[in-house]
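# Fold and geometry: a report
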Amino acid sequence: MAYVAQRIVFSILSLFVLLFITFLLSHVVAGDPAIVAAGPNAGAAKIALLREQMGLDKPLLTQFAIYCGQILQGDLGTSWFTRQPIASDVLRELPPSLELVFIAMLINLAVSLPLGLLTARYAGSRFDDLVRLGVMAGAGLPVFWIAIILQQIVAGRWQLLPTAGRLGFANREFSGATGFYLFDSLAAGNMNVFLDTLAHLVLPAFALSLLFTAVGVRITRTAMIGEFRKDYVTLARAKGASEPRIMFRHVFANGATPALTVFGMQFGWMLGATVLVEEIFGRPGIGRYAVKAVTQSDIHAVVAVVFVVGVVFLLANLLVDIALYVLSPRKQQRA
Amino acid sequence: MLRLLTLPKTNIERAAVILALIVILVAIIGPFVTPYDPMQISFRSKLLAPSSMHWFGTDGSGRDVLSRLLHGAQLTLSATFFVLIAGVVIGCTIGIFSAFVGGAADNALMRLADIWLGFPPLILALGFASALGASLQAAIWALVFSWWPNYARLSRMVTADILSQKFIASADALGVPLHRKVFRYVIPNAFDVLIVQVTLDISAVMLAISGLSFIGVGAQIPQPEWGAMIADGRSYVANGWWIVLAPGVAIFLTALAFNVIGDMLRRELDPTSRRR
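Residues numbered from 1 in each chain as written. Chains lettered and ligands numbered in written order. Predicted model: local features only at pLDDT ≥ 70, side-chain atom pairs only at ≥ 80, totals over all residues.

Chain B appears in an unreviewed UniProt entry as Peptide/nickel transport system permease protein from Kaistia hirudinis. Per UniProt, chain B has the following entry under Sequence similarities (unreviewed entry): "Belongs to the binding-protein-dependent transport system permease family." (UniProt positions renumbered as here; feature names shortened; annotations may be inferred.)

Chain A carries the name Peptide/nickel transport system permease protein in an unreviewed UniProt entry, which gives Kaistia hirudinis as its organism. What UniProt states about chain A under its Sequence similarities (unreviewed entry) heading is, verbatim, "Belongs to the binding-protein-dependent transport system permease family." Per UniProt, the comment on chain A under Subcellular location (unreviewed entry) is "Cell membrane".

Summing up its helical and strand segments, chain A has 13 helices and zero strands in all. Reading chain A from its N end, one meets helices and strands in the order α-α-α-α-α-α-α-α-α-α-α-α-α. Considering only C-alpha atoms, chain A reaches an extent of 85 × 55 × 40 Å along its principal axes. Counting the 335 residues in chain A, one finds 41% classified as buried. Here the contacts in chain A between residues at least 6 apart in sequence split such that 71% fall between residues at least 24 apart. (Helix = DSSP H or I, 4+ residues; strand = E, 2+ residues; numbered from the N terminus. Buried ≥ 20, exposed ≤ 12 C-beta atoms within 10 Å, placed from the backbone. Contact = placed C-beta atoms within 7 Å.)

Within chain B, the regular secondary structure consists of 10 helices and zero strands. Mapped from its N terminus to its C terminus, chain B presents α and β elements in the order α-α-α-α-α-α-α-α-α-α. For chain B, the spread of C-alpha atoms along the principal axes amounts to about 75 × 45 × 30 Å. Burial status across chain B gives 49% buried among its 276 residues. A separation of at least 24 residues holds for 69% of the contacts in chain B among residues at least 6 apart in sequence.

This paragraph deals with the UniProt feature "domain: ABC transmembrane type-1" (unreviewed entry) in chain B. With numbering matched to this structure, UniProt assigns "domain: ABC transmembrane type-1" (unreviewed entry) to residues 77–262 of chain B. Here residues 77–262 of chain B runs as 85% helix and 0% strand, with 16 Å between its end C-alpha atoms.

Residues and elements named next belong to chain B. An ideal rise of 1.5 Å per residue puts 54 Å on 37 residues; helix H3 (residues 65–101) measures up with 53 Å between its terminal C-alpha atoms. Along H3, the helix axis deviates most sharply at glycine 72, where the bend reaches about 30°. Immediately beyond the C-terminal end of H3, within one or two residues, lies glycine 102, with a positive phi of roughly 65°. (Expected span 1.5 Å × (residues − 1). Bend = angle between axes of the 7 residues up to and from the residue.)

Our focus in this paragraph is unusual backbone geometry. Backbone geometry follows two general trends: most residues other than glycine have a negative phi, and most peptide bonds adopt the trans configuration. Omega for the bond connecting Ile221(B) with Pro222(B) falls within 30 degrees of zero, at 10°, which places this linkage in the cis form. Notably, Gln159(A) is not glycine yet its phi reads approximately 55°, a positive angle. With respect to the helices and strands, the residue Gln159(A) is situated in the loop between helix H7 (143–157) and helix H8 (181–187). In this structure, Ser297(A) takes a positive phi of about 50° despite not being glycine. Mapping Ser297(A) onto the fold places it in the loop between helix H12 (286–295) and helix H13 (299–327). Residue Ser297(A) is classed as partly exposed on the basis of its C-beta count, with 16 C-beta atoms lying within 10 Å.

This part takes up the domain arrangement of chain A. All names here are of chain A. Assigned domains within chain A: domain 1 (13–73) and domain 2 (87–332). Taking the mean C-alpha position of each, domain 1 and domain 2 sit 35 Å from one another. Contacts between domain 1 and domain 2 engage nine residues on the former and seven residues on the latter. Examining the composition of the side of domain 1 that touches domain 2, we find that six residues originate from one element, helix H1 (residues 2–29), more than from any other. In terms of residue class, the side of domain 1 that touches domain 2 is built from six nonpolar, three polar and no charged. (Domains from an automatic or database assignment. Nonpolar A, V, L, I, M, F, W, Y, C, P; charged D, E, K, R; others polar.)

What follows deals with the UniProt feature "domain: ABC transmembrane type-1" (unreviewed entry) in chain A. The feature "domain: ABC transmembrane type-1" (unreviewed entry), as given by UniProt, occupies residues 94–324 of chain A in the numbering adopted here. Strand forms 0% of residues 94–324 of chain A and helix 78%; the C-alpha atoms that close the span are 26 Å apart.

Quick look at the interface of chain B and chain A now. Residue-level contacts link 38 residues of chain B with 40 residues of chain A. Partitioned by chemical class, the residues of the side of chain B that touches chain A number 26 nonpolar, nine polar and three charged.

As a further point, take the nonpolar core. The biggest cluster of nonpolar side chains holds 152 residues, and the ones touching the most others in it are Val143(A), Val305(A), Ala125(B), Leu126(B), Ala129(B), Ala139(B) and Leu143(B). If you count residues domain by domain, this core takes at least three from each of domain 1 (13–73) and domain 2 (87–332) of chain A. Contacts of Ala129(B), omitting those with residues within four sequence positions, involve Ala134(B), Ala138(B), Ala139(B), Ala142(B), Leu212(B), Val217(B) and Gly218(B). Leu117(A), Ala120(A), Ile219(A) and Phe252(A) belong to the second-largest nonpolar core, a separate cluster that totals 12 residues. (Core = buried A, V, L, I, M, F, W, Y, C linked by C-beta atoms within 7 Å.)

Under the local residue numbering, the UniProt record ascribes the feature "transmembrane region" (unreviewed entry) to residues 15–36, 75–102, 122–148, 190–221 and 241–265 of chain B. The span residues 190–221 of chain B carries 81% helix and 0% strand; its end-to-end C-alpha distance comes to 40 Å.

A separate point is the confidence of the model for chain A. Averaged over every residue, the pLDDT of chain A is 88; the share at 70 or more is 96%. Confidence scores differ between elements of chain A, with helix H2 (residues 33–38) of chain A showing the lowest mean pLDDT of 70 and helix H5 (residues 86–121) of chain A the highest of 94. (pLDDT = per-residue confidence, 0-100.)

Residue and element names in this part refer to chain A. Its 15 residues give H7 an end-to-end C-alpha distance of 20 Å, which sits within 8% of 21 Å, the value for a rise of 1.5 Å per residue. At leucine 150, H7 shows its maximal kink, close to 25°. For H7, the set of buried residues is Val143, Phe144, Trp145, Ile146, Ala147, Ile148, Leu150 and Gln151. With its phi angle positive at about 55°, glutamine 159 sits one or two positions after the end of H7.

Okay, structure coming up:
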């Protein structure tokens, strides 16, 4: 239990570092927040009034405390462009992005785990070399470029998958309680919408996953390769255990933990990378929201997205670490 | 630099070294050898398919894609190298300082670096760049801002390792001054490890720079930065596929070449990862 408590304390500490970074961005780097908040055409008197209202005449440390208080109460500020509370904007945009990241993560795991395990088993072989080259190629692909190419060829020329959006025209009226259409459509028993949602997710999720899969294969290989050299593998071989049994039952079960920790971190990184694909595929989501906010110089909305992605990142890591701890039969302490 | 030519063991590695040298050469002399002015708008020659006149075609405003690509090499690569150099200088200063002082300050700095390191770098850079106001300079500083902890962590580790060795104790006994210890003992010893990491990071930084430019917080259209060129070409992709294809392939091949070289350097220089 000490481990779980320690992880929670670390996450809270990380949350404050995140708050410090977003405070730095919105209050120091962006210039005077009162000028930003007042909008482009405000007079000096209005700015002075806002400065006082926002507590900007107080010392920076006091401002940071006020800022933390606001954020932790769920007040992410008001977008000066849409005049809407940013928190509700972000809550609306988060489900489609999370849905995208879930599918991308499934693709990532489905490729990375078997390829990582097999390349570790056959390290140094031609197969290993080939996969390594593929990994280096994958790590060099610009996500936004491959997204455009896939969209043009697979959706445009071959017409195999939809080009853009979240749902086809026939299902445009659909809406659900949670905003996760895959879940909502299943709950409503509407297979048609479920498959339509899935078809719209395939290309963006695949484009998003490529870079992360390249890293995933490498991480899994590194995690597994040491395991194959351990004594228990020699023992299992000596006892006549079959090679698949050694790979899956022994090596995979033992070596998966460090790799899964990295996949937990990738979840947050993927959510950040949605800024590169959502706009291309015309999907609503937090990435597209951030890009739109950037073009409208809506600094508070951008910083809010930074904060929310950071929080999701921290939560995903915490959950993965706790899950791995609970599942681990040894309950050993992990650094 | 000459050593680089003797390291490759396979044809792929040889090809990668040659490709990287070509790209660096193009980045240096590219602007002097371009067939056309990369910014010259000419609506009469817009959206021309690749031909002997325009090898890579022309874009939606009639600009020569090859010329823009050659100019873009300089823009994209110099931005990438600037991020890495600034990141190394800032990161190593903090890392080496941290290892020398030790104790609570060391602990706090490294914890900060750990946490900072984890946050999604692209979204962090996006926030920073848009706070600064979108421009290539903003994107560069934004990436330095989200990249320094990598090198702080690495240089602290290497420095702490060097400081624990016997020759440092002897140097202390002889009264060797601090700056001499840093510049004569620590930095030369840390160099190999750093160069491997920096080479492996080139592709990631380049993808981030071009990604930020693509979104619109980095280089601004019509600057011929490769990511911005892709963003610019998007609206013509249906009847001018070459505008998007060329810069994408350029980014991909450059990133791949540096990834292969990084992998090779790790094998040759980093004693901890001898795998074969």
